[in-house]
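# Survey of secondary and tertiary structure
So the chains spell out like this:
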Amino acid sequence: IVHLSETQSEVAQIKERYGKTPAAHLADLGVLGPNSIACHCVVLTEKDMDLLKQFDVKVAHNPQSNMKLASGIAPVPRLLERNICVGIGTDGCASNNNLDMFSEMDTTAKLHKVSASDPTVLDAKTVLRMATLDAARVLGMADKIGSLEPGKKADLIVVDTRKPHLTPMYNP
């Protein structure tokens, strides 16, 4: 697990020191691979995204942390277009005011819609998958968790959808 290209200053520092982006530097060091988890990935070039795809790196998207720290917005739709596995996370209490995954999913959907000026970007089904099965894939645990299937572990909750903050509900 590595915080990768989280801020402009981090990327500038690595470029100054090594003459390449953090993703390119890690690729040259032989660090990137299918068991790598890159957190944040806010400041990525097209070539960086190609490297993440080439090495089957998984990405942990932490939008509220990135917002709180004013790091920027990760190019999640472009990562997904490349079939890079992106899961949703919270980062941690020090850089997020809570660990509420419902709030994180809501933020993910809305943030990328406004960033792309497209209300169809990251629909509810995509965001739910990112928070469940894709998050399990990021952790290398998709065979054990992430979806409701025989033989997998699961925590279940019941959500009372008759509450005002859940109205209207178009698609549960």
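Residues numbered from 1 in each chain as written. Predicted model: local features only at pLDDT ≥ 70, side-chain atom pairs only at ≥ 80, totals over all residues. Heavy atoms only, no water.

### Examining the overall build of the chain
In terms of helices and strands, the chain carries eight helices and four strands. Going from N to C terminus, the chain has its helices and strands arranged as β-α-α-β-α-β-α-α-β-α-α-α. For 172 residues, the compact-globule estimate of 2.2 N^0.38 gives 16 Å, and the C-alpha radius of gyration of the chain, at 17 Å, lies within 12% of that figure. Along the three orthogonal principal directions, the C-alpha set of the chain runs to about 55 × 35 × 30 Å. When the accessible surface of the chain is summed, it comes to about 10,300 Å², and 56% of that surface belongs to carbon and sulfur atoms. For the chain, the separation between the mean place of its 19 positive charges and that of its 20 negative charges on side chains is 2 Å. (Helix = DSSP H or I, 4+ residues; strand = E, 2+ residues; numbered from the N terminus. Rg over C-alpha atoms; globule rule 2.2 N^0.38 Å. Areas by Shrake-Rupley, 256 points an atom, 1.4 Å probe, with all protein chains shown as cover. Lys, Arg positive; Asp, Glu negative; His and termini not counted. Charge placed at Lys NZ, Arg CZ, Asp CG, Glu CD.)

### Description of the pairing of strand S3 (residues 58-61)
Residues Lys-58 and Ala-60 line one face of S3 and the alternating positions Val-59 and His-61 line the opposite face, and both faces are buried. For strand S2 (residues 37-40) and S3, the ladder comprises three bridges, and the chain directions are parallel. Bridge pairing links Ile-37 to Lys-58 in S3. Since S2 and S3 lie parallel, the crossover through helix H3 (residues 46-54) that links them has a hand, and here it is right-handed. (Buried < 20%, exposed > 50% of the residue type's maximum accessible area, 1.4 Å probe, protein only. Pairing = 2+ DSSP bridges. Right-handed = clockwise from strand over helix to strand, strands pointing away.)

### Looking at the pairing of S2
Inspection of the sheet shows strand S1 (residues 2-4) paired to S2 by three bridges, in the parallel sense. Directly across from Val-2, in S2, lies its bridge partner Ala-38.

### A few points about the nonpolar core
Counting residues in hydrophobic clusters, the biggest one holds 31 residues, and the most contacted among them are Leu-52 and Leu-79. At the level of secondary structure, the elements contributing two or more residues to this core comprise helix H2 (22-29), H3, helix H5 (76-81), strand S4 (86-88), helix H6 (101-116) and helix H7 (124-131). Here the element with the most residues in this core is H2; it accounts for four residues. Those residues in contact with Leu-52, other than ones at most four positions away along the chain, are Leu-4, Cys-41, Leu-44, Val-57, Val-59, Leu-79 and Ile-84. Ranked by size, the runner-up nonpolar core spans five residues in total, among them Ile-37, Cys-39, Ala-60 and Val-138. (Core = buried A, V, L, I, M, F, W, Y, C linked by side-chain atoms within 4.5 Å. Contact = heavy atoms within 4.5 Å.)

### Brief notes about the environment of Ile-73
Within the secondary structure layout, Ile-73 lies in the loop between helix H4 (63-68) and H5. Residues Ile-73 and Leu-111 lie 38 residues apart in sequence; the distance between their C-alpha atoms is 8.0 Å. Excluding residues within four positions of it along the chain, Ile-73 makes contact with Val-42, Leu-111, His-112 and Ser-115.

### Examining the side chain of Lys-152
Topologically, Lys-152 is positioned in the segment after helix H8 (133-138). Beyond its immediate chain neighbours, meaning those up to four positions away, Lys-152 contacts Leu-133, Ala-142, Asp-143, Lys-144, Ile-145 and Ser-147.

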